[in-house]
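# Coordinates in review
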Amino acid sequence: MRFRILGPTQVVLADGREVPVGGPRLRALLALLLLDAGRVVSAERLIDGLYGEHPPRGAANALQSQVSRLRQALPAGHDPVEFHPAGYRLAVDPDDVDAYRFERLAGAGRRALVDGDWPRAATVLREALELWRGPALADAIGAAGVPAQAARLDELRLAAIEDRVEADLALGAQSALIAELRELVVAHPLRERSRSQLMRALAALGRPAEALAEFEDARHTLADQLGVDPSAELAAVHLAVLRGQERLSAESVLPSQLTTFVGREEELKRIGDLLGERRLVTLTGPGGAGKTRLAIEAAGRVDGEVRFVELAGLADGSDVPQAVLSALGLRDAGLRGPAEPGWQTVDRLVEALVERRLLLVLDNCEHVLVDAARLAARLLSACPALRVLATSREPLGLAGEALCPLSGLTVPPLGASALDADDYAAVGLFAQRAADVAPDFTVTPANVEMVLRICRGLDGLPLAIELAAARLRALSVAEVAARLDDRFRLLSTGNRAVSPRHRTLRAVVEWSWDLLDDAEREVARRLTVFAGGATLEAAERVCGLSTAEFVDALTGLVDKSFVEMTGGRYRMLETVRAFCAERLAEAGEADQLRRAHTAYFLEFAWTASDHLRCVEQLHWLRLLDAERDNLHAALRRATAAGDASDAAGMVAALSFYWWLRGMRGEGARLAGDVLELLGTEAPPGLGEEFALCVYNASLTGSGPLPSLGTQRSVIRSLDRPPRQPFLLYLSGISTGPPSGGAEDVDELMGELRRLVGPDPWINALGAMGSGSALMWSDQRDRARAALATALDGFRGTGDRWGTMITLGALGELAAWQGDAETAGAHMDEAMGLVEALGSAVDQADMLRTRGETRLRAGDLAAAHDDFAGALLLAQRSGAPEFVASARLGLAQVARVRGDLAAARLYCEEALAGGLTGWYVGEAARAEIILVLKEITEAEKAGAPPSADGA
């Protein structure tokens with residue numbers, strides 16, 4: 001049975017059925033016993049709890065009667081109530097009581113948070129909080145002593161919520177936390193930690209004004225109710241926001257580590273000193289020396305914002321800037337306009353980082369060394385507050401680069417006393433990792449010589465030591481030492497051109513490979529086809545073994561340190577993965593596994609794409625994020641192998657995902673490569689895929705591309721319903737609306753409906769297109785009706801993106817008609833959806849739209865704040881099209897205020913971005929030019945126009 005007191009008292013059987021306990025007094029008795037589950041509760045305490053200060057005559061007999069009734073209420077064979085001379089005991093496992101389980105999980109979550117394991121902290125704390133069903137001890141609150149216990153549990157609950165929020169903040173989930181944190185602050189206005197978290201989340205989202213307003217509210221509340229000032233901790237957050245340090249130390253995104261860090265104190269001090277003096281520090285050394293782990297530890301000790309960029313999974317150096325962009329949580333595009341021609345991701349990074357104080361960790365640069373060095377040079381020269389910590393097997397080779405060479409951990413020299421072995425880091429690492437697999441292991445006088453032999457023979461290299469220590473699950477220390485000696489002698493006559501340490505590390509990996517059985521080797525080599533790890537389902541499907549055989553083999557690989565399992569995903573160390581990839585090629589399975597990997601992820605991409613237009617949108621976006629490396633690897637491999645159908649299909653399946661996540665630059669490059677494979681015309685049966693490749697490739701505005709004609713011609717060319725309905729949106733914003741306006745839109749959608757049938761999402765998209773065309777043709781009543789139909793359609797499907805852009809259009813329309821209240825309501829709802837989607841660029845766009853509605857309503861101060869906020873977000877996101885539109889908005893405000901000089905300057909700065917390319921870019925340019933003409937006319941007339949003419 002399970003017992004619940006975090007809410008109304010309940011008893012639940014293993015099959016989920018609830019056991020009726022009885023009336024309030026019986027439930028109170030059970031609650032009192034559950035508060036001390038497994039321990040004796042005195043009869044006096046139970047009587048006090050049940051009857052208070054005035055117990056009935058014969059209270060002991062009354063208590064016995066209540067206990068008897070409780071036993072009868074519980075199922076036969078499940079009588080845990082025991083009598084003891086001192087009282088009664090509920091003989092149940094405390095973990096079967098939700099309050100005890102909650103406290104245990106909350107404690108584990110807090111420890112994970114302290115250790116920096118944010119994903120585990122968030123998961124465990126959510127599990128703890130899900131146990132709550134209402135106020136603690138809700139139906140026993142009148143019992144003596146219970147209010148104090150309930151208050152204690154409620155305080156623990158609030159602390160667990162704040163711990164979970166802290167973990168979510170560290171994982172970059174600021175936008176999803178705003179509403180929850182506001183509710184916490186309202187409910188508990190004196191809790192400064194929740195205030196601090198809300199301020200940090202707002203600042204990280206580019207909303208410093210709101211963060212500062214929260215501090216002012218906290219200051220007034222504390223002064224009015226308690227007569228005190230904010231704590232030093234809250235004041236420090238306030239100061240950081242004032243200084244523009246929006247992403248505070250808790251926002252540093254570093255990979256969580258599953259094991260303790262050993263040694264390297266001297267190197268850590270050197271790195272800290274170097275980072276205080278120099279702007280580029282590179283950790284160099286052989287594979288397996290622990291460069292990545294040391295970089296993570298060093299970065300974790302740095303004050304301020306840190307971002308970690310893993311480069312090991314990149315196949316091409318040209319992808320380095322995009323990897324940095326993704327690690328920074330920046331999108332390289334938004335909803336309304338494309339990038340200008342020739343705009344590169346590097347330029348976006350410069351714009352986003354030019355005034356940002358940040359430590360950027362570039363990990364595993366060696367295989368993309370030239371591109372990583374070029375990017376580091378560009379960013380460091382343009383962004384004075386930026387520092388870079390790189391890891392590589394060789395220096396980046398840049399002026400001003402400070403090197404920190406790294407070899408093995410310290411080992412006792414020959415002739416050193418065995419009694420001093422524990423003072424050396426290599427021995428400490430071996431002992432800790434050995435104890436992980438063999439809990440009884442310690443370094444003793446009997447085995448210390450063998451331990452020293454292993455550590456010296458492996459040159460103190462951390463990866464080699466960890467792999468050797470893992471063997472103690474099956475071998476003795478002496479056997480491990482003997483096998484290492486044999487293997488090193490065998491490899492010492494190999495290729496002497498290879499660095500000695502590389503030979504040593506290879507020897508360890510090869511020796512570990514020899515310890516695997518055939519099934520484990522088969523799975524190990526086949527897992528190398530994955531990029532960025534794999535879920536259990538994906539690994540099983542692609543590897544192609546029977547379920548039982550696969551699970552046994554995978555478990556063995558995890559046990560033997562060939563594979564790591566973190567966050568539900570299986571990953572290989574890169575050195576191990578490279579070794580196993582060679583074995584895959586030797587087995588002649590590389591092409592077979594590539595095809596299996598591509599087939600799995602093409603199916604996954606289409607499944608996910610279908611769900612992106614539904615209520616499960618956010619869930620599937622997260623799934624796609626987790627598999628992005630695999631998806632793009634499959635696409636690149638299919639392109640390289642000449643598999644036109646698979647490559648084009650992957651572009652089509654990922655198009656909406658790329659748009660929602662703002663990965664236009666990366667998507668454009670991938671689609672452009674596929675276009676080279678497809679040629680200048682659509683191959684038979686790939687008309688839709690070809691069109692999507694063209695549209696995606698055109699997003700960067702570079703290079704001549706095949707012409708697809710108008711949106712009507714694209715739709716008429718389809719011989720089947722589009723598998724990717726987002727094609728219709730891309731074609732529309734690429735070529736612009738039909739020349740005939742709303743009537744042509746209606747006619748076009750009629751043709752589309754005859755082709756696809758009753759599809760709710762496509763119908764909603766068509767209604768939105770009709771509404772937008774009707775707006776611009778000044779048919780406002782018809783536009784409102786069409787947009788209302790679109791809004792109902794998108795809400796019905798659960799698509800937040802479609803709902804958001806439709807609400808934006810409705811907000812603009814309401815503002816045009818002078819209905820400021822409706823416009824504000826639409827825009828507030830749209831802003832909430834933007835935060836749910838986690839898009840800073842879209843937030844900039846919606847802020848710009850809301851600014852226009854406020855400008856029309858004559859609220860110049862609010863409009864200016866919105867445009868300024870949009871400009872800030874757009875600049876930090878490196879999105880020039882939104883920078884231009886925000887500056888245009890500021891120009892409109894300045895014009896209405898009569899500051900024509902400022903208005904002209906804003907317009908000229910907006911035009912400097914060079915908005916060209918797609919239809920929307922040309923439209924924005926035309927609007928800016930028109931406003932400049934109006935400013936010129938106002939200058940000649942000597943009076944600015946009103947807000948209504950904006």
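### Brief notes about the overall build of the chain
- Per the secondary structure count, the chain includes 42 helices and 13 strands.
- Residues counted as buried form 52% of the 950 residues belonging to the chain.
- Long-range pairs, those at least 24 residues apart, make up 70% of the contacts in the chain between residues at least 6 apart in sequence.

### Side note on unusual backbone geometry
- At Arg 264, a residue that is not glycine, the phi angle is positive and equals roughly 65 degrees.
- Along the chain, Arg 264 falls in the loop between helix H10 (232-242) and helix H11 (265-277).

### Focus on helix H41 (residues 900-911)
- When the terminal C-alpha atoms of H41 are compared, their 17 Å separation across 12 residues agrees well with the 16 Å that a helix rising 1.5 Å per residue should span.
- Within the sequence span of H41, burial applies to Leu 900, Ala 903, Cys 907 and Ala 910. In an axial view of H41, the angular spread of the buried residues amounts to 85 degrees, which keeps them on one side of the axis.

### Let's talk about the pattern of salt bridges
- The tally for this structure, following the rule as stated, stands at 54 salt bridges.
- Between Asp 371 and Arg 374 there is a salt bridge, with its nearest N and O atoms 3.4 Å apart. In this pair, Asp 371 and Arg 374 both sit in helix H15 (residues 369-382), three residues apart, roughly one turn of the helix.
- Owing to a relative accessible area of 27%, Asp 371 belongs among the partly exposed residues under this scheme.
- On the basis of relative accessibility, which here comes to 53%, the residue Arg 374 falls in the exposed class.
- Measuring nitrogen to oxygen at the nearest pair gives 3.5 Å for the salt bridge that ties Asp 610 to Arg 613.

### Topic: the sheet that holds strand S10 (residues 386-392)
- An order of S8-S9-S10-S7-S11 is seen for the five strands of this open sheet, with the pairing classed as parallel. Whereas interior strands pair on both sides, the edge strands pair on one side only; in this sheet they are strand S8 (306-310) and strand S11 (402-405). Between one strand axis and the next, the sheet turns by 15 degrees as a mean value, whatever way the strands run.
- Taken together, the four bridges between strand S7 (residues 280-284) and S11 define a ladder with parallel strand orientation. What sits directly across from Thr 284, in S11, is Pro 405.

### Some words on the packing of aromatic side chains
- Taken as a whole and assessed by the stated rule, the structure comprises 16 aromatic pairs.
- Their ring planes at 85 degrees and their centres at 5.5 Å tell us that Phe 102 and Trp 132 sit as a pair that is edge-to-face. Here Trp 132 lies in the loop between helix H5 (118-129) and helix H6 (146-170) and Phe 102 lies in helix H4 (residues 98-114), a separation of 30 residues in the sequence. When sorted by exposure, Phe 102 lands in the same class as Trp 132, which is buried.
- Summarising the aromatic geometry, the rings of Trp 659 and Phe 726 are spaced 5.8 Å apart at their centres and angled 55 degrees between planes, so their arrangement reads as tilted. Here Trp 659, found in helix H28 (residues 644-661), pairs with Phe 726, found in helix H32 (residues 726-735); they are 67 residues apart in sequence, far enough to count as distant.
- Look at Phe 726 and you get buried, because its relative accessible area is 1%.

### Let's talk about the side chain of Glu 835
- When you line up the elements, Glu 835 lands in helix H37 (residues 820-837).
- Residues in contact with Glu 835, not counting those within four places in the same chain, are Ser 175, Ala 176, Ile 178 and Arg 207.

### Notes on the packing of helix H36 (residues 800-816) against H37
- At a closest axis distance of 8 Å, the pairing of H36 and H37 adopts a crossing angle of 155 degrees. The angle between H36 and H37 places the two elements in the roughly antiparallel class. Here H36 runs over H37; the crossing is left-handed. Counting all contacts with H36, which are made through Arg 800, Trp 801, Thr 803, Met 804, Leu 807, Gly 808, Leu 810, Gly 811, Ala 814 and Ala 815, the residues of H37 involved are Thr 822, Ala 823, His 826, Met 827, Glu 829, Ala 830, Leu 833, Val 834, Ala 836 and Leu 837.
- When the residues that make up the contact of H36 with H37 are grouped by side-chain class, the tally is 13 nonpolar, five polar and two charged.

### Regarding the pairing of S7
- Most of S7 is tucked away, with five of its five residues classed as buried.
- Side chains Leu 280, Thr 282 and Thr 284 project from S7 onto one buried face, and the interleaved Val 281 and Leu 283 project onto a second face that is buried too.
- With five bridges joining them, S7 and S10 adopt parallel strand pairing. Bridge pairing links Leu 280 to Val 388 in S10.

### Points about the sheet that holds strand S1 (residues 2-4)
- Sheet architecture is open: three strands sit in the order S1-S2-S3, paired in antiparallel fashion. Every interior strand has two partners, whereas the edge strands, S1 and strand S3 (18-19), have only one.
- Across two bridges, strand S2 (residues 10-12) lies against S3 in antiparallel orientation. When the bridges of S3 are listed, Val 12 appears paired with Glu 18.

### Re a negative patch on the surface
- Taken together, the side chains of Asp 517, Asp 518, Glu 549 and Asp 552 define an acidic patch exposed on the protein surface.
- Looking at where Glu 549 falls in the secondary structure, it is placed in helix H23 (residues 547-559).
- The exposure class of Glu 549 is partly exposed, given its relative accessible area of 39%.

### Quick word on the nonpolar core
- Ranked by size, the top nonpolar core spans 131 residues in total, and within it Leu 527, Phe 562 and Trp 801 carry the most contacts.
- Looking at this core element by element, the count peaks at 12 residues for H28.

### Observations concerning the confidence of the model for the chain
- The predicted model of the chain averages 82 in pLDDT, with 87% of residues at 70 or higher.
- Confidence scores differ between elements of the chain, with helix H20 (residues 500-514) showing the lowest mean pLDDT of 61 and helix H25 (residues 590-611) the highest of 96.
- Segment residues 246-252 is flagged for pLDDT under 50; beyond a separation of four residues in sequence, or across chains, it makes 27 contacts in the model.
- Contacts from residues 946-950, a stretch scored under 50 in pLDDT, to residues over four places away or in other chains number 11 contacts.

### Points about helix H18 (residues 462-470)
- Buried residues dominate H18, accounting for eight of its nine residues.
- For H18, the set of buried residues is Pro 462, Leu 463, Ala 464, Ile 465, Leu 467, Ala 468, Ala 469 and Ala 470.

### Things to note about the packing of helix H34 (residues 760-776) against helix H35 (residues 780-797)
- Two elements in contact, H34 and H35, have axes separated by 7 Å at closest approach and are oriented at 155 degrees. When the axis of H34 is compared with that of H35, the two are roughly antiparallel. Regarding H34 and H35, the two cross each other, and that crossing is left-handed. Contact with H34, carried on its side by Pro 760, Trp 761, Ala 764, Leu 765, Ala 767, Met 768, Ser 770, Gly 771, Ser 772, Leu 774 and Met 775, involves Arg 782, Ala 783, Ala 786, Leu 787, Thr 789, Ala 790, Gly 793, Phe 794 and Thr 797 of H35 and no other residues of that element.

### A few points about the environment of Asp 646
- Along the chain, Asp 646 falls in helix H28.
- For the pair formed by Asp 646 and Glu 689, sequence separation is 43 residues and the distance between their alpha carbons is 9.9 Å.
- Beyond its immediate stretch of four places on either side in the chain, Asp 646 contacts Thr 598, Leu 602 and Ala 638.

### Points about a nonpolar patch on the surface
- A contiguous nonpolar patch, built from Leu 190, Leu 226 and Val 228 and spanning about 230 Å² of accessible area, is present on the exposed surface.
- With respect to the helices, strands and loops of the structure, Leu 190 is situated in the loop between helix H7 (174-187) and helix H8 (192-204).
- For Leu 190, a relative accessible area of 34% puts it in the partly exposed group.

### Some points on the environment of Glu 589
- Mapping Glu 589 onto the fold places it in the loop between helix H24 (574-586) and H25.
- Residues Glu 589 and Arg 526, 63 residues apart in the sequence, show an inter-C-alpha distance of 8.0 Å.
- Every residue in contact with Glu 589, bar those within four places of it in the chain, is listed here: Arg 525, Arg 526 and Leu 584.
- Of note is the side chain of Glu 589, whose polar atom sits 3.0 Å from the side chain of Arg 526.

### Brief notes about the environment of Arg 541
- Mapped onto the elements of the fold, Arg 541 is located in helix H22 (residues 536-543).
- Through-space distance from the C-alpha of Arg 541 to that of Tyr 600 is 7.5 Å; in sequence the pair is 59 residues apart.
- Apart from residues lying up to four places away in sequence, Arg 541 is in contact with Tyr 600 and Glu 603.

Procedures and definitions
Residues numbered from 1 in each chain as written. Predicted model: local features only at pLDDT ≥ 70, side-chain atom pairs only at ≥ 80, totals over all residues. Heavy atoms only, no water. Helix = DSSP H or I, 4+ residues; strand = E, 2+ residues; numbered from the N terminus. Buried < 20%, exposed > 50% of the residue type's maximum accessible area, 1.4 Å probe, protein only. Contact = heavy atoms within 4.5 Å. Expected span 1.5 Å × (residues − 1). Arc of directions from axis to C-beta. Salt bridge = Lys/Arg side-chain N within 4 Å of Asp/Glu carboxyl O. Pairing = 2+ DSSP bridges. Axes fitted to C-alpha atoms, helices over the stretch in contact; angles between N-to-C directions. Phe/Tyr/Trp six-rings, centres within 6.5 Å; stacked < 30°, edge-to-face > 60°. Parallel < 35°, antiparallel > 145°, perpendicular 65-115°, else oblique. Left-handed = near helix turned anticlockwise from the far one by under 90°. Nonpolar A, V, L, I, M, F, W, Y, C, P; charged D, E, K, R; others polar. Patch = residues over 30% accessible without salt bridge, like charges linked within 9 Å, V, L, I, M, F, W, Y side chains within 5 Å. Areas by Shrake-Rupley, 256 points an atom, 1.4 Å probe, with all protein chains shown as cover. Lys, Arg positive; Asp, Glu negative; His and termini not counted. Charge placed at Lys NZ, Arg CZ, Asp CG, Glu CD. Core = buried A, V, L, I, M, F, W, Y, C linked by side-chain atoms within 4.5 Å. pLDDT = per-residue confidence, 0-100. Polar contact = N/O pair within 3.5 Å; in protein donor to acceptor, adjacent residues only side chain to side chain.

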